[in-house]
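If you want the building blocks of each chain, they are given just below.
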Amino acid sequence: MLVILRDGRKLHGVLRSYDQFANLVLEDTVERIYHGNAFAESWHGLFLIRGENVVLLGEIDLDKEEEVPLKQVEYNLLAAFHKQDAESKKEREEIKSQILYEQKGFCKEGGEGDGY
Amino acid sequence: MDPSVTGIQEPFDLIRLSLSERVFVKLRGDRELTGILHAYDGHMNLIMSDVEETIMIVDPDNIANGQNVVNVAKRKMDMLFVRGDGVILVSPPSRT
Amino acid sequence: MLIFSVFKTLTDQQVTVELKNDLSITGVLKSVDQFLNIRLDNIKVADENRHPHMMAVKNCFIRGSVVRYVQLPPEHVDTQLLEDATRREQKTVDVDLSLYFFIARMYIIFTSRQMIYLHKQLSNLYGQVDASEVGFLDE
């Protein structure tokens, strides 16, 4: 199973249990990060995820997974790029909300907004 | 105005009177909609048709040269459900 | 409840769900629940290159709270019916409420009458009964 969280993390693991709030128990969990046409994994283990942080649960289709044109690389190699991506995205969001706030009177949503 | 004349006693009455009319909706995330309102509920979930969405887009690359950095993107959708938690305001059609 | 019913009538139709993180997913609506959580089958993600992690996913569950829009097939939505149902739903809430208050009032009137009656009966049996002693009708 693929689980996307509100902070943008992508977790892969075996779904062991869930409930009405979408609280999840995920076993053998790895976090995947992406950059360009590469991805990397880091091992986490057993997770209980509170439902409100869940965006989406995806069932991985094994046949389709083989067609995915991405190559796996070392986590350490990709982590820096991924961090850079996230930071530049955050920076752009901040600039954007600042400009809209000044010019158009839109409110700033701050770090806990919908920009996950 | 006397509430008994306009038939408006609570905020939702204003939306009720806008059913099947074109309304303006302001949303979180720098978005605005206009469309014909067909349904709503207590969460301000809406169902609208013939919707035009306006998204404010800021191009940070143009900030340096100080020109108009806010662009708008528009798109149309035939039938749309809008989740209530994103709604900031619903405005009835202007009666001119 | 109304919107939930609308989605139930749209099961097995193709819809496009747009999430608050700008991810747009088109798929066949398989089921929906009271929180408007959505299950989509045979999904296709718009702008797949920007969301490479979705490439291997065929079916998915979307938490209702992260949905921004759902684009519906217009030919399967009866707008007149929706408007009537919306007006009716608002009215049923009003009727339900006034019925509730009516019953509550009747109950209060009824029970206080019974108490006065009881008080009188007790007075007849035992002579003057101090109301405060019995524990009701303090006024």
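Residues numbered from 1 in each chain as written. Chains lettered and ligands numbered in written order. Predicted model: local features only at pLDDT ≥ 70, side-chain atom pairs only at ≥ 80, totals over all residues. Heavy atoms only, no water.

Right, let's talk about the layout of surface pockets for a bit. There is about 330 Å³ of room inside the second largest pocket. The wall of the second largest pocket is formed by 18 residues, among which A:Tyr18, A:Leu57, C:Arg39, C:Cys60 and C:Phe61 lie closest to the centre. Among the elements of the structure, strand E2 (10–18) and strand E5 (54–60) of chain A together with strand E2 (24–32), strand E3 (38–45) and strand E4 (57–62) of chain C are those that each provide at least two residues to the lining of the second largest pocket. Here the element with the most residues in the lining of the second largest pocket is E4(C); it accounts for 3 residues. Per-class residue counts for the lining of the second largest pocket are 10 nonpolar, 4 polar and 4 charged. (1 Å grid on protein atoms, 1.4 Å probe; cavity = no way out; pocket = protein on both sides within 12 Å on 5 of 7 lines; lining within 4 Å. Points joined across faces, edges and corners; volume = space filled by probe spheres on them. Helix = DSSP H or I, 4+ residues; strand = E, 2+ residues; numbered from the N terminus. Nonpolar A, V, L, I, M, F, W, Y, C, P; charged D, E, K, R; others polar.)

Residue and element names in this part refer to chain C. One can find Gln14 in strand E1 (residues 14–19). With 98 residues separating them along the chain, Gln14 and Ser112 place their C-alpha atoms 59 Å apart. Discounting chain neighbours no more than four positions away, the residues touching Gln14 are Thr26, Gly27, Val28 and Pro73. (Contact = heavy atoms within 4.5 Å.)

Across the contact, 26 residues belong to chain C and 23 residues belong to chain B. Between chain C and chain B, the buried area comes to about 2,200 Å², and carbon and sulfur atoms account for 60% of it. Taken together, chain C and chain B are joined by 4 salt bridges. Applying the counting rule to chain C against chain B returns 10 residue pairs in polar contact (both at pLDDT 80 or more). Put simply, the parts of the chain that give the side of chain C that touches chain B at least two residues each are helix H1 (2–9), strand E5 (67–71) and helix H2 (79–126) of chain C. Looking at the side of chain C that touches chain B, the element that brings in the most residues is H2(C), giving 7 residues. Bridge count for strand E4 (residues 70–82) of chain B against E5(C) is 3 bridges, and the pairing is antiparallel. Residue pairing for E5(C): B:Val82 is matched across the bridge by C:Tyr69. (Buried area = accessible area lost by both parts, 1.4 Å probe. Salt bridge = Lys/Arg side-chain N within 4 Å of Asp/Glu carboxyl O. Polar contact = N/O pair within 3.5 Å; in protein donor to acceptor, adjacent residues only side chain to side chain. Pairing = 2+ DSSP bridges.)

In this structure, B:Met44 is a non-glycine residue whose phi angle is positive, near 65 degrees. If you trace the backbone, B:Met44 turns up in the loop between strand E2 (31–40) and strand E3 (46–58). Backbone geometry at C:Leu36 places phi at a positive 65 degrees, although glycine is not the residue there. Assignment of secondary structure puts C:Leu36 in the loop between E2 and E3. Since its relative accessible area comes to 9%, C:Leu36 is described here as buried. (Buried < 20%, exposed > 50% of the residue type's maximum accessible area, 1.4 Å probe, protein only.)

Residues at a pLDDT of 70 or more form 83% of chain C, whose mean pLDDT is 84. Here the predicted complex scores 0.77 on pTM and 0.81 on ipTM. (pLDDT = per-residue confidence, 0-100.)

This next bit is on the interface of chain C and chain A. Many analyses report the size of an interface as the accessible area lost when the parts associate. At the interface, 21 residues of chain C touch 24 residues of chain A. Here chain C and chain A share an interface that buries about 2,000 Å² over both sides, 62% of which is from carbon and sulfur atoms. For chain C, the biggest contributors to the area lost against chain A are C:His53, C:Ala56 and C:Arg63; these three give 30% of the whole. At the boundary of chain C and chain A, one finds 1 salt bridge.

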